[in-house]
Amino acid sequence: MALYSEKVMDHFRNPRNVGVIEDANGIGEVGNAKCGDIMKMYLKIEDDVVQDVKFETFGCGSAIASSSMATEMIKGKPISEVKELTNKAVAEALDGLPDYKMHCSVLAEEAIKSALDDYYSRQKTE
Ligand code: FES
């Protein structure tokens, strides 16, 4: 069996939603101290719905594929659903990741949660 699923390879080669949202109202950046990979997530939330999402990932192929898949999974979704997204769901949507690459999908979950935290803290100060 190939180490990586076709979906992982597809999202790694053609990542969706790469880039920056200039007027994002939720931005999260997380990193993994062990491998040094970094992921930044930009959310544009309106009426409690993720209208747009983009990411920048300086990391391994699994991290890029995980961020790409995660953005596809939350785009157009209400915040209540986005909050529930787990790294397991992202990995499953990619038809699995090798065990030692599961931490890459954790970065995607954490980046989204961090961007949501940023969104909430901005709401308080406005
Ligand atoms: Fe660190 Fe993939 S090896 S995020």
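Predicted, not measured: the structure shown is a model, and the values here were computed from it.

Peer 1: Tell me about the pairing of strand β3 (residues 49–58), and name the residues and values.
Peer 2: Where strand β2 (residues 38–46) meets β3, 9 bridges bridge the pair, whose relative direction is antiparallel. Considered in β3, the bridge of Met41 is made with Phe55. The turn joining β2 and β3, which pair antiparallel and follow one another in sequence, is formed by 2 residues; a positive phi near 50° is taken by Asp47.

Peer 1: Quick one: what's the story with the nonpolar core, residue by residue and with numbers?
Peer 2: Nonpolar side chains in soluble globular proteins tend to end up buried together. Core analysis: the largest hydrophobic core is formed by 31 residues, its most contacted members being Met39, Met41, Leu43, Ile45, Ile74 and Ile112. Every element with two or more residues in this core is listed here: β2, β3, α2 (61–74), α3 (79–82), α4 (87–93) and α5 (102–125). Here the element with the most residues in this core is α5; it accounts for 8 residues.

Peer 1: How would you sum up α5? Please name residues and give values.
Peer 2: An ideal rise of 1.5 Å per residue puts 34 Å on 24 residues; α5 measures up with 36 Å between its terminal C-alpha atoms. What α5 keeps buried is the set Cys104, Ser105, Leu107, Ala108, Glu109, Ala111, Ile112, Ala115, Leu116 and Tyr119. Each element contacted by the buried residues of α5 is listed here: β1 (26–31), β2, α2, α3 and α4.

Peer 1: Any chance you could break down the pattern of salt bridges for me, citing the residues and the numbers?
Peer 2: Evaluated as defined, the whole model comprises 7 salt bridges. With a shortest N-O distance of 3.9 Å, Glu29 and Lys40 are connected by a salt bridge. Separated by 11 residues along the polypeptide, Glu29 in strand β1 and Lys40 in strand β2 bring together distant segments of the chain. Classification of Glu29 as partly exposed rests on a relative accessible area of 48%.

What counts as what
Residues numbered from 1 in each chain as written. Predicted model: local features only at pLDDT ≥ 70, side-chain atom pairs only at ≥ 80, totals over all residues. Heavy atoms only, no water. Pairing = 2+ DSSP bridges. Helix = DSSP H or I, 4+ residues; strand = E, 2+ residues; numbered from the N terminus. Core = buried A, V, L, I, M, F, W, Y, C linked by side-chain atoms within 4.5 Å. Buried < 20%, exposed > 50% of the residue type's maximum accessible area, 1.4 Å probe, protein only. Expected span 1.5 Å × (residues − 1). Contact = heavy atoms within 4.5 Å. Salt bridge = Lys/Arg side-chain N within 4 Å of Asp/Glu carboxyl O.

Honestly, it's all geometry; don't read function into it.
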